[in-house]
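Geometric and topological summary
Next come the chains, spelled out residue by residue.
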Amino acid sequence: MEVLCIGNSFSQDATRYVYEIARKDGEKINIVNLYSSGCSLERHCKFIQTQEVCYGLEINGQLSWFWINLKTALKNRVWDVITVQQASKFSADFNSYVPFLETLVSYVKEHCPNAKIYVH
């Protein structure tokens, strides 16, 4: 399974040990995490517009020390699952998701139409 997380430090926390746990259980999984500290859905959408190389790239819970933009990451491989994440300080405010969640999901679907998309 190929998993891409578009998030922030909380997606770092969530993906840190998943690869090792799955591997020890015999599961084949690759988890790539794109993080930008404190990144909100609004900021993810701004990064779409600018194509800025602003996401730290983590692979299977390990820092790669490479930076990437979202479009390049989406085109990098065929993703089975893609998660998107709101910044924690806005996560309980439904209004902070509008229209940014729809914009981000539409962009992801444009480049990865077969991926299952979840809000983390």
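Above this text sits the structure in question.
Okay, so let's go over this structure. (Residues numbered from 1 in each chain as written. Predicted model: local features only at pLDDT ≥ 70, side-chain atom pairs only at ≥ 80, totals over all residues. Heavy atoms only, no water.)

The next point concerns the nonpolar core. Residues Ile-6, Leu-34, Leu-70 and Ile-82 are the most contacted members of the largest nonpolar core, which totals 25 residues. Mapped by element, the contributors of at least two residues to this core are strand E1 (2–7), strand E2 (30–35), helix H3 (41–50), strand E3 (55–59), helix H4 (70–75), strand E5 (81–84) and helix H5 (100–111). Sort the elements by how many residues they give to this core and H3 lands first, with four residues. In contact with Leu-34, not counting residues within four places along its chain, are Leu-4, Cys-5, Ile-6, Gly-7, Asn-8, Ser-11, Tyr-55, Gly-56, Leu-57, Ile-68, Leu-70 and Ala-73. (Core = buried A, V, L, I, M, F, W, Y, C linked by side-chain atoms within 4.5 Å. Buried < 20%, exposed > 50% of the residue type's maximum accessible area, 1.4 Å probe, protein only. Helix = DSSP H or I, 4+ residues; strand = E, 2+ residues; numbered from the N terminus. Contact = heavy atoms within 4.5 Å.)

Omega for the peptide link from Val-98 to Pro-99 comes to -5°, which places this bond in the cis form. Along the polypeptide, Pro-99 turns up in the loop between E5 and H5. Residue Trp-65 is not a glycine yet carries a positive backbone phi of 70°. Within the secondary structure, Trp-65 is located in strand E4 (residues 62–68). The class of Trp-65 is exposed, set by a relative accessible area of 70%.

This brings us to the sheet that holds E3. Taken together, six strands build an open sheet; the order of strands is E4-E3-E2-E1-E5-E6 and the sheet is mixed. Both outer strands of the open sheet, E4 and strand E6 (116–119), are each paired with one neighbouring strand and no more. The mean inter-strand angle of the sheet, taken between neighbouring strand axes irrespective of direction, is 20°. (Pairing = 2+ DSSP bridges. Axes fitted to C-alpha atoms, helices over the stretch in contact; angles between N-to-C directions.)

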